[in-house]
Amino acid sequence: MSIQYEVEQLADSYGVADSFPKDFGYGEEEADIEDSPAPSDSKPRILLMGLRRSGKSSIQKVVFHKMSPNETLFLESTNKIYKDDISSSSFVNFQIWDFPGQVDFFDPTFDYEMIFRGTGALIFVIDAQDDYVEALGRLHLTVSRAYRVNPEINFEVFIHKVDGLSDDHKIETQRDIHQRANDDLADASLEKLHLSFYLTSIYDHSIFEAFSKVVQKLIPQLPTLENLLNIFISNSGIEKAFLFDVVSKIYIATDSSPVDMQSYELCCDMIDVVIDVSCIYGLREDGSGSAYDKESMAIIKLNNTTVLYLKEVTKFLALVCILREESFERKGLIDYNFHCFRKAIHEVFEVGVSTPRPVGPQAVGSPCNKAVALNGTPRSTV
Ligand SMILES: Nc1nc2c(ncn2[C@@H]2O[C@H](COP(=O)(O)OP(=O)(O)OP(=O)(O)O)[C@@H](O)[C@H]2O)c(=O)[nH]1
């Protein structure tokens, strides 16, 4: 595949020097956010639960800490709740709580009411390569408890480690788990409790896709973002556009045309290439500067007449588009439309201004706690 590649990197416009991946933000705005930190326990939570060795810590490390999947083989078992605050590096401002496999709801020191009250999404991980009967029992116990405390939680089931399964086996496993889990809920008269199922693996992009969908459900501005993307692509001759959280490669929104895995993978790969090249050639000689900043943009022309176009939207977000070479002849128009799109996104999120987040006991468990606060906090909600 021949690739024509252009990357522009200008780190000069930002005062504080940072390097990827430790600090991915622009230094100055980072200070704003630091100035009014929300007490960590009041941030909306995504819980990762499931049996021992089902893959919870691996998911969290691969998606949010750039750990390579092979390295997860050496992860030690989690013995206490591990709270990971990812708000300093990511657009989405939440905490991920990784639970040890053996959580005991009857343990009086485990205050599950407090935990579930401030939870936006509960991800239950099931190891699809193992016998899942015990996991299904645990799933039922966990979601029914959580639902009674907070019916607003989104319940997400990751049927995980499917890399070891054939395509037929994957479908059959999903069908079986879906059927049994819902039968258990029906037996307990919990038909209203909705479970969403995803086939995932850390060895491909499925885990990023699944996490994208989990996070999207927690973003109240999603319809607005989709609308803006639809308007942008239809006026620019673009085939597909994703709004990415750069550090995690979660897409927080896309236009309303269907997502195919290949396009998503291509865009993820583009982000990796841009950041890697930036880290090598985009920093100043003394190593200062940022690998991703206001001037970050890249165009990659593939040999099948497809063009990939990436541009910075906010300090955590990038727009990545796929378009035909013919459409790219009107680059001026695309750039202008992008300018309008970027402005609109900034208006939606008021980038860089952090409004005080809810504090105190009344905030935990309030309905708005389900929606994630965003870095570049929106005007109207949260
Ligand atoms: N094949 C395969 N293995 C995986 C996948 N995800 C995780 N693993 C492996 O599963 C094992 C257990 O992973 P962990 O992330 O430690 O599991 P955990 O659920 O956090 O375990 P506890 O901390 O004991 O609760 C590790 O050896 C991982 O490499 C996957 O998608 N596919």
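Refer to the structure printed above.
Let us look at the structure shown here.

The rules we used
Residues numbered from 1 in each chain as written. Predicted model: local features only at pLDDT ≥ 70, side-chain atom pairs only at ≥ 80, totals over all residues. Heavy atoms only, no water. Helix = DSSP H or I, 4+ residues; strand = E, 2+ residues; numbered from the N terminus. Buried < 20%, exposed > 50% of the residue type's maximum accessible area, 1.4 Å probe, protein only. Contact = heavy atoms within 4.5 Å. Areas by Shrake-Rupley, 256 points an atom, 1.4 Å probe, with all protein chains shown as cover. Core = buried A, V, L, I, M, F, W, Y, C linked by side-chain atoms within 4.5 Å. Expected span 1.5 Å × (residues − 1). Pairing = 2+ DSSP bridges. Axes fitted to C-alpha atoms, helices over the stretch in contact; angles between N-to-C directions. Near = heavy atom within 4 Å. Polar contact = N/O pair within 3.5 Å; in protein donor to acceptor, adjacent residues only side chain to side chain. Nonpolar A, V, L, I, M, F, W, Y, C, P; charged D, E, K, R; others polar.

**A few points about the overall build of the chain**
Broken down by element type, the chain carries 10 helices and 14 strands. Looking at the 382 residues of the chain, the share that counts as buried comes to 54%. Sequence-distant contacts in the chain: of pairs separated by 6 or more residues, those separated by 24 or more amount to 72%. Summed over its atoms, the accessible surface of the chain is roughly 17000 Å², and 51% of this surface lies on carbon and sulfur atoms.

**Focus on the nonpolar core**
Buried together is how nonpolar side chains tend to be arranged in soluble globular proteins. Core analysis: the biggest nonpolar cluster contains 74 residues, and Phe211, Leu243, Leu319 and Phe341 have the highest contact counts within it. For Phe211, the residues in contact, after removing those within four places along its chain, are Ile46, Ile59, Val63, Phe64, Ile96, Ile123, Phe158 and Ile250. Residues Phe99, Ile115, Ala135 and Val143 belong to the second largest nonpolar core, which totals 33 residues.

**Notes on helix H5 (residues 167-187)**
One turn of an α-helix holds 3.6 residues; hence residues three or four places apart share an orientation. Over its 21 residues, H5 extends 30 Å from the first C-alpha to the last, a length consistent with the 30 Å expected when each residue adds 1.5 Å. If you follow the buried residues of H5, they end up packed against strand S6 (119-127), helix H4 (133-149), strand S7 (154-160) and strand S8 (195-199). Looking at the residues trailing H5, positive phi occurs at Ser189, about 55°.

**Some details on the pairing of strand S9 (residues 238-245)**
Most of S9 sits out of view: 7 of its 8 residues are buried. With 7 bridges joining them, S9 and strand S13 (residues 317-324) adopt antiparallel strand pairing. From the neighbouring strand, Phe244 faces S13, where its bridge partner is Ala318. Pairing analysis gives 4 bridges linking S9 to strand S10 (residues 250-254), with the strands arranged antiparallel. Counted as the bridge partner of Leu243 is Ala253 from S10. The hairpin formed by S9 and S10 contains 4 residues between the paired strands, and Lys249 there has a positive phi angle of roughly 60°.

**Here we look at the sheet that holds strand S5 (residues 95-98)**
The mixed open sheet is built from 6 strands, whose spatial order is S3-S5-S2-S6-S7-S8. If you trace the sheet from one side to the other, it starts and ends with strand S3 (82-85) and S8, each paired once. Averaged over all pairs of adjacent strands, the angle between their axes in this sheet comes to 20°, without regard to strand direction. Both S7 and S8 contribute to a ladder of 5 bridges, which runs parallel. Across the sheet, residue Glu156 finds its bridge partner in S8, namely Ser196. In this fold helix H2 (residues 56-65) packs onto strand S2 (45-50), S3, S5, S6 and S7, with an angle of close to 155° to the strand it touches most, S5. In the packing of H5 onto the sheet, contacts are made with S6, S7 and S8, and the angle to S8 comes to roughly 165°.

**A short note on the site of the ligand**
If you check the shell around the ligand, you find 20 residues, and the closest are Ser57, Ser58, Ser77, Thr78 and Asp163. Within the backbone of Ser54, one N or O atom sits 3.2 Å away from an oxygen atom of the ligand. Here an oxygen atom of the ligand and a backbone polar atom of Ile202 are 2.9 Å apart. Contact with the protein chains covers 93% of the free accessible surface of the ligand, which is 660 Å². With 3 residues, the top contributor of residues to the shell around the ligand is H2. Residue composition of the shell around the ligand, by class: 4 nonpolar, 11 polar and 5 charged.

**A look at H4**
Here H4 is 17 residues long and its end C-alpha atoms lie 25 Å apart, about the 24 Å a rise of 1.5 Å per residue gives. The set of residues buried in H4 consists of Ala135, Leu136, Leu139, Thr142, Val143, Ser144, Ala146 and Tyr147. Each element contacted by the buried residues of H4 is listed here: S2, helix H3 (112-117), S6, S7, H5 and S8.

**Focus on the pairing of S2**
Buried residues dominate S2, accounting for 6 of its 6 residues. Burial along S2 is two-sided: the face carrying Arg45, Leu47 and Met49 and the face carrying Ile46, Leu48 and Gly50 are both buried. Across 4 bridges, S2 lies against S5 in parallel orientation. Bridging across to S5, Arg45 finds its partner in Gln95.

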